[in-house]
Amino acid sequence: MPAEGRQLEKLRHLARHALESGAVSLVIGFAEGTVPGRAAPLFCTAPADADRLIFDGYCTLNLANYLTRPEVRAHQTVALVARHAVAKAVVGLVQESQVDPTRVRLIAIHCPDLDGLQQDVAWTVADGLQTLDEFLPTAAHLHDQELTPERFAAVAQVESKSSHDRWDHFAREFDKCIKCYACRNVCPLCYCERCIADKNQPQWIDTSSTQRGNFAWNIVRAFHLAGRCIDCGACERACPMDLPLMELNRKMKKVVAERFGYVAGYDPKADLPLVTFKKDDPEEFIK
Amino acid sequence: MSRIGVFVCWCGENIGRTVDCPAVAEAARRMPGVAHAVDYKYMCSDPGQQMIIQAIAEHRLTGLVVASCSPRMHEPTFRKAAARAGLNPYLCEMANIREHCSWVHEDRAVATAKAIELLRVMVEKVRHNEALKAVSVPITDRALVIGGGIAGIQAALDIADAGHDVILVERAPSIGGHMSQLSETFPTLDCSQCILTPKMVEVAQHPRIRLLTCAEVEAVSGYVGNFEVTVRRKARYVRLDRCTGCGACWNECPVKKIPSEFDEGLGLRTAVYVPFPQAVPNKPMIDTENCLRHKDARRKGIPVTESKVCGKCEAACPIPGKAINFADADELETVQVGAIVVATGFQTLPAAAIPEYGAGRFKDVVTGLQFERLASASGPTSGEIRRPSDGRPVERLAVIACVGSRDPAKGCAYCSKICCMYIAKHAMLFRHKNHHGAAHVFYMDIRAGGKDYDEFVRRAIEEDGVDYLRGRVSRIFERGGKLVLFGSDTLVGEKVELEVDMVVLASAMVPQPGVQALAQKLGVAYDQSGWLTEAHPKLRPVETAAAGVFLAGTCQGPRDIPETVAQAGGAASKVIGLLSRDTLDREPIIARVDERVCDYCTACIKTCPVKAIGTKELKNRQGVLLRRVAEVNAGLCIGCGTCVAACRPKAIDLAGFTDAQLFAEVRALGDFNDIEGRECDGVPHFGPAGCIAGQSVKSGGLDSHPTDAGMEREKHG
């Protein structure tokens with residue numbers, strides 16, 4: 001049996017055993033999609049469901065997104081098939097008290113970042129079901145790779161433009177937006193029951209797909225994720241119009257790292273830099 | 001249906017000169033929802049206010065906009081007028097057409113157009129205003145005074161004498177502060193201790209004052225009328241309830257050569273000690289740094305109670321059950337108070353900051369405070385002026401003024417204010433004690449403003465023969481057991497070289513270390529030198545930006561004893577005024593949570609600077625927890641709006657500045673239609689009725705981008 005096959009067996013065994021033993025009542029993973037080159041989320045509640053689990057380079061959806069859904073919250077304990085980006089999102093949800101860490105288990109997948117769609121990736125499954133606290137030390141070494149210049153190549157390119165060209169660039173890109181809110185819907189940290197975009201008394205964000213509405217939506221979303229975005233890229237992959245959303249999110253990530261020395265997704269006990277009042281804040285205006 | 005009344009004020013010439021006020025009123029009459037609009041020369045005057053009151057009744061107004069000065073100036077005036085006419089005061093708003101308009105523009109047409117815009121914005125806001133009710137909170141009838149120097153003592157006594165409880169917290173083992181170290185005080189030369197110690201004793205004996213020495217403020221929460229303060233009571237290792245201050249312990253203590261803080265290092269003390277004989281409380285404490293038993297315990301890493309070393313103080317203690325208590329530990333005590341007086345005082349610029357004068361290097365270069373101890377009858381030399389190096393009498397003395405003060409390079413750009421007086425006093429005291437000796441004073445200017453102050457300096461020069469030299473000393477070095485000063489006399493334009501026995505440095509006053517940390521706990525601002533900042537430099541000199549927190553003495557900046565005592569009395573009267581009331585009305589400008597929308601992400605809880613937001617559990621009828629939401633404590637909320645900004649789904653709103661109100665204001669601003677010839681300036685801005693860039697609203701065009709020139713214009717205003 002090839003290496004991937006053995007890992008798949010191990011993945012299915014872990015999920016099956018977790019359900020059989022009663023350790024969890026739900027395992028969220030991936031099954032084959034309806035079209036080639038796509039994977040669909042799979043919600044396993046019976047041990048036999050585990051046999052349909054797969055993992056490959058097409059499994060890019062951030063499954064942590066489902067943890068805040070009422071149907072999932074109804075389960076006492078849930079296991080996630082979690083590559084690193086999924087675990088980082090769980091960290092964010094724990095920080096913002098959306099998820100109780102004692103009720104989440106991870107079937108941790110170790111693989112490279114899934115930035116684009118590619119079928120062949122080398123991946124391994126960690127031994128046993130892990131709690132978040134058990135998982136975090138195994139990913140701590142990845143923290144330093146979050147800020148490598150390669151990750152910010154697109155950001156650097158936008159930064160190098162004049163303000164005039166930057167405006168043109170974003171005007172052109174945002175012009176494509178059709179306000180489908182797919183970016184919001186796949187984002188594990190966009191969990192607000194009533195998004196600001198749906199607030200209509202008063203309506204700060206124009207719902208129409210005009211330039212004003214598109215600028216307002218995409219910029220407000222980037223601001224709402226500043227210091228929180230865990231850089232999984234789900235929004236950009238979900239966008240049917242190919243907006244370069246990660247240019248904005250990564251720029252925010254860079255600024256937050258520079259100003260606050262903070263990278264989201266590693267410490268569930270860390271203070272969120274943009275919403276934490278500190279008496280020793282270096283900015284004078286807050287004292 | 002809104003019936004808004006608009007009142008446009010000329011403010012005499014202040015607004016009327018630049019803004020066409022009748023035209024503004026005329027424009028207001030055409031605004032939707034405006035039922036009545038007038039202009040008048042002085043709206044804040046009695047006839048002006050009467051005009052408002054009559055109009056409210058006559059035109060059945062549902063809201064007011066007064067277009068005049070800043071709300072900081074007259075909002076209370078006009079809101080009170082509204083209330084007198086039976087209109088909820090929070091239905092009255094002000095449009096600032098003075099500071100924001102007439103004072104900053106010259107072109108009458110432009111200023112008038114802008115005044116109309118500012119007014120329209122506020123009319124739109126008032127249309128969305130709602131009647132608000134002041135939040136009434138009870139007041140804790142007790143004050144906290146931080147610092148037991150003369151400022152804190154005076155404030156505590158004044159408050160307590162008026163019948164209110166006071167807790168006086170002092171960091172040191174005794175109250176008294178710097179004043180207790182002084183020999184005589186200018187300009188009358190009365191003995192400092194003789195006038196201070198009766199007040200110290202009065203504090204200790206006052207039934208309404210609770211004195212906590214060896215104590216520091218650890219944390220402060222709450223708000224005016226209802227502060228909760230955590231005080232750390234440091235271990236003293238002596239039971240105050242048992243000790244009688246007999247002295248048996250410190251007579252037996254074998255560690256006798258510790259430099260005394262009270263004598264500024266010129267005298268010695270033991271490890272178990274009373275800082276000075278008149279201390280209040282006159283009971284010792286154990287200095288853990290130097291105590292042999294504590295040292296032994298630290299070295300062995302064992303609790304001090306398990307060490308068997310020394311223990312002579314405990315053995316010598318004649319009290320049954322012993323007053324010495326090695327098992328003592330720091331205690332945290334939480335106290336409730338309604339008002340706080342900060343009186344943390346000053347220190348002098350550390351010697352390390354003045355290397356050019358050899359302070360700390362040459363033993364006979366002393367600070368002003370050290371000289372006070374030498375001149376004091378209770379000091380280490382019993383009042384004789386002797387050299388610290390060899391104990392020989394001083395024949396020739398030099399005093400240098402402005403050491404650090406008025407010197408931005410030393411971080412003290414300010415004048416320390418008291419030095420001109422105390423150096424005259426030092427030279428004078430020296431001449432009184434040594435009739436044959438010579439005293440030289442190097443000064444920059446003599447600043448002796450104050451009752452009998454200049455006379456005092458003249459007396460030093462003319463009657464006591466002190467030699468005043470106008471000029472700076474560049475450096476000091478030792479030669480043959482004497483100190484040599486290089487300096488200049490700028491009045492005769494000559495270099496001066498002087499050989500003296502002792503030099504006194506009038507070092508700058510600087511804030512107490514750690515006062516900034518305390519200020520942050522209290523929400524009090526401080527300036528770049530670290531002095532605490534008053535609410536208004538002229539009209540609110542003892543108040544701070546934090547309601548219920550007052551300042552007394554040198555924590556606010558350099559000042560002398562009479563000024564400190566007067567200010568302490570001022571702060572006390574503010575505290576008495578506050579504590580004399582049963583309840584306090586607080587502005588209802590507070591945050592409120594829409595529980596239907598709140599996701600309990602806790603951003604508001606973390607971002608609240610006054611910890612006013614907590615958690616509320618929503619349960620069903622069976623008591624089962626459904627979910628958690630954020631909840632604002634109306635008594636604690638200061639209405640800063642930080643939580644509103646942090647809330648992503650906009651589940652929090654600020655009463656008086658609601659989302660709907662601000663949105664209406666922005667909309668009104670974006671509507672440029674009735675300003676003739678007004679075109680968008682190309683700077684992108686957002687707003688439903690505004691433009692995104694480059695085009696006027698009328699065209700609705702969104703097809704061009706802002707020019708870099710437009711951005712430049714924005715930068716340069």
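Residues numbered from 1 in each chain as written. Chains lettered and ligands numbered in written order. Predicted model: local features only at pLDDT ≥ 70, side-chain atom pairs only at ≥ 80, totals over all residues. Heavy atoms only, no water.

## What about the overall build of chain A?
Okay, so step 1: A tally of regular secondary structure across chain A gives 10 helices and five strands.
Okay, so step 2: With 287 residues in all, chain A has 51% of them scored as buried.
Okay, so step 3: Sequence-distant contacts, at least 24 apart, represent 69% of the contacts inside chain A between residues at least 6 apart.
Okay, so step 4: Counting every atom, chain A has about 13400 Å² of accessible surface; 52% of that belongs to carbon and sulfur. (Helix = DSSP H or I, 4+ residues; strand = E, 2+ residues; numbered from the N terminus. Buried < 20%, exposed > 50% of the residue type's maximum accessible area, 1.4 Å probe, protein only. Contact = heavy atoms within 4.5 Å. Areas by Shrake-Rupley, 256 points an atom, 1.4 Å probe, with all protein chains shown as cover.)

## As for the environment of Trp531 of chain B
Residues and elements named next belong to chain B.
Okay, so step 1: With respect to the helices, strands and loops of the structure, Trp531 is situated in the loop between helix 14 (515-522) and strand 29 (549-551).
Okay, so step 2: According to the relative accessible area criterion, Trp531 is buried, its value standing at 2%.
Okay, so step 3: Between the C-alpha atom of Trp531 and that of Ala519, which follows or precedes it by 12 residues, the distance is 9.7 Å.
Okay, so step 4: With near-sequence residues (within four places) excluded, Trp531 lies in contact with Phe346, Tyr414, Met509, Val510, Pro511, Ala525, Tyr526, Thr554, Cys555, Gln556, Gly557 and Pro558.

## Looking at the packing of helix 3 (residues 84-95) of chain A against helix 4 (residues 132-139) of chain A
Residue and element names in this part refer to chain A.
Okay, so step 1: Between helix 3 and helix 4, whose axes approach to 11 Å, the crossing angle comes to 125°. The pairing of helix 3 with helix 4 is recorded here as oblique in orientation. Helix 3 and helix 4 meet at a crossing whose hand is left-handed. Contacts from His84, Ala87, Val90, Val91 and Val94 in helix 3 reach Leu132, Phe135, Leu136 and Ala139 in helix 4.
Okay, so step 2: Looking at the contact of helix 3 with helix 4 residue by residue, the classes come out as eight nonpolar, one polar and no charged. (Axes fitted to C-alpha atoms, helices over the stretch in contact; angles between N-to-C directions. Parallel < 35°, antiparallel > 145°, perpendicular 65-115°, else oblique. Left-handed = near helix turned anticlockwise from the far one by under 90°. Nonpolar A, V, L, I, M, F, W, Y, C, P; charged D, E, K, R; others polar.)

## A few points about unusual backbone geometry
Okay, so step 1: A cis geometry characterises the amide bond from Gln201 of chain A onward to Pro202 of chain A, with omega recorded as -5°.
Okay, so step 2: By the element assignment, Pro202 of chain A lies in the loop between helix 7 (182-186) and helix 8 (211-225).
Okay, so step 3: Here Phe186 of chain B and Pro187 of chain B are connected by a cis peptide whose omega angle stands at 0°.
Okay, so step 4: Tracing the sequence through the fold places Pro187 of chain B in the loop between strand 8 (184-185) and strand 9 (190-191).
Okay, so step 5: Phi angles above zero are rare outside glycine, and Glu264 of chain B is one such case at about 55°.
Okay, so step 6: Take Glu264 of chain B: it is sitting in the loop between strand 13 (258-259) and strand 14 (268-269).

## Here we look at the nonpolar core
Okay, so step 1: Grouped together as the largest cluster of nonpolar side chains are 93 residues, with contacts concentrated most on Leu11, Phe55, Leu67 and Leu80 of chain A.
Okay, so step 2: Sequence-distant contacts of Leu67 of chain A, that is, excluding residues within four places in its chain, are made with Val72, Arg73, Val78, Leu80, Val90, Leu93, Val99 and Val104 of chain A.
Okay, so step 3: Of all hydrophobic cores here, the second largest spans 68 residues; its members include Val280, Val341, Ala343 and Ala571 of chain B. (Core = buried A, V, L, I, M, F, W, Y, C linked by side-chain atoms within 4.5 Å.)

## Topic: the sheet that holds strand 26 (residues 494-500) of chain B
Residues and elements named next belong to chain B.
Okay, so step 1: A sheet is described by the order of its strands in space; here three strands give the open sequence 24-25-26, paired in antiparallel fashion. Each having just a single partner strand, strand 24 (473-479) and strand 26 make up the two edges of the open sheet. With strand direction ignored, the average angle separating the axes of adjacent strands in the sheet is 20°. (Pairing = 2+ DSSP bridges.)

## Description of the packing of helix 12 (residues 419-433) of chain B against helix 13 (residues 453-462) of chain B
Residues and elements named next belong to chain B.
Okay, so step 1: For the pair helix 12 and helix 13, the least separation of the axes is 9 Å and the interaxial angle reads 35°. Crossing of helix 12 over helix 13 shows left-handed handedness. Every residue of helix 13 that contacts helix 12 at Cys420, Met421, Ala424, Lys425, Met428 and His432 is listed here: Tyr453, Phe456, Val457, Arg459 and Ala460.
Okay, so step 2: Grouping the constituent residues of the contact of helix 12 with helix 13 by class yields eight nonpolar, one polar and two charged.

## Focus: helix 11 (residues 368-375) of chain B
Residues and elements named next belong to chain B.
Okay, so step 1: Most of helix 11 sits inside the fold, with eight of its eight residues counted as buried.
Okay, so step 2: Along helix 11, the residues classified as buried are Gly368, Leu369, Gln370, Phe371, Glu372, Arg373, Leu374 and Ala375.
Okay, so step 3: Elements in contact with the buried residues of helix 11: strand 8, strand 19 (346-348), strand 20 (365-367), strand 21 (396-403), helix 12 and strand 27 (502-507).

## Concerning the pattern of salt bridges
Residues and elements named next belong to chain B.
Okay, so step 1: Using the criterion set out here, one finds 58 salt bridges over all chains in the structure.
Okay, so step 2: Between Lys234 and Glu216 there is a salt bridge, with its nearest N and O atoms 2.9 Å apart. With a gap of 18 residues between them, Lys234 in the loop between strand 12 (226-233) and helix 8 (248-252) and Glu216 in strand 11 (residues 215-223) connect regions that are remote in the sequence.
Okay, so step 3: Given a relative accessible area of 28%, Lys234 falls into the partly exposed group. (Salt bridge = Lys/Arg side-chain N within 4 Å of Asp/Glu carboxyl O.)

## Focus on the sheet that holds strand 12 of chain B
The pairing of strands in a sheet happens through backbone hydrogen bonds and is either parallel or antiparallel.
Residue and element names in this part refer to chain B.
Okay, so step 1: Pairing in this open sheet of three strands is antiparallel, and the strands run 11-12-17 from one edge to the other. This sheet does not close on itself; its edge strands, each paired only once, are strand 11 and strand 17 (331-337). When the angles between neighbouring strand axes are averaged without regard to direction, this sheet yields 20°.
Okay, so step 2: Inspection of the sheet shows strand 12 paired to strand 17 by seven bridges, in the antiparallel sense. In the sheet register, Arg233 faces strand 17, and the bridge partner there is Glu331.

## Describing the side chain of Ser507 of chain B
Residue and element names in this part refer to chain B.
Okay, so step 1: By secondary structure assignment, the location of Ser507 is in strand 27.
Okay, so step 2: On the basis of relative accessibility, which here comes to 2%, the residue Ser507 falls in the buried class.
Okay, so step 3: If we skip the residues at most four places from it in the chain, Ser507 touches Thr348, Leu349, Ile354, Thr367, Val403, Cys419 and Tyr422.

## A look at the pairing of strand 25 (residues 482-489) of chain B
Residue and element names in this part refer to chain B.
Okay, so step 1: As paired elements, strand 24 and strand 25 share six bridges and run antiparallel to each other. Looking across to strand 25, one finds that Arg475 is bridged to Phe486.
Okay, so step 2: Remark: two residues form the turn of the hairpin made by strand 24 and strand 25, two consecutive strands paired antiparallel; Gly480 in that turn has positive phi of roughly 55°.
Okay, so step 3: Pairing of strand 25 with strand 26 involves seven bridges; the strand directions are antiparallel. For Val484, the partnering residue across the bridge sits in strand 26 and is Glu499.
Okay, so step 4: Taking the residues that link successive antiparallel strands as the turn, the strand 25-strand 26 hairpin has four residues, and the phi of Gly493 there is positive, at about 70°.

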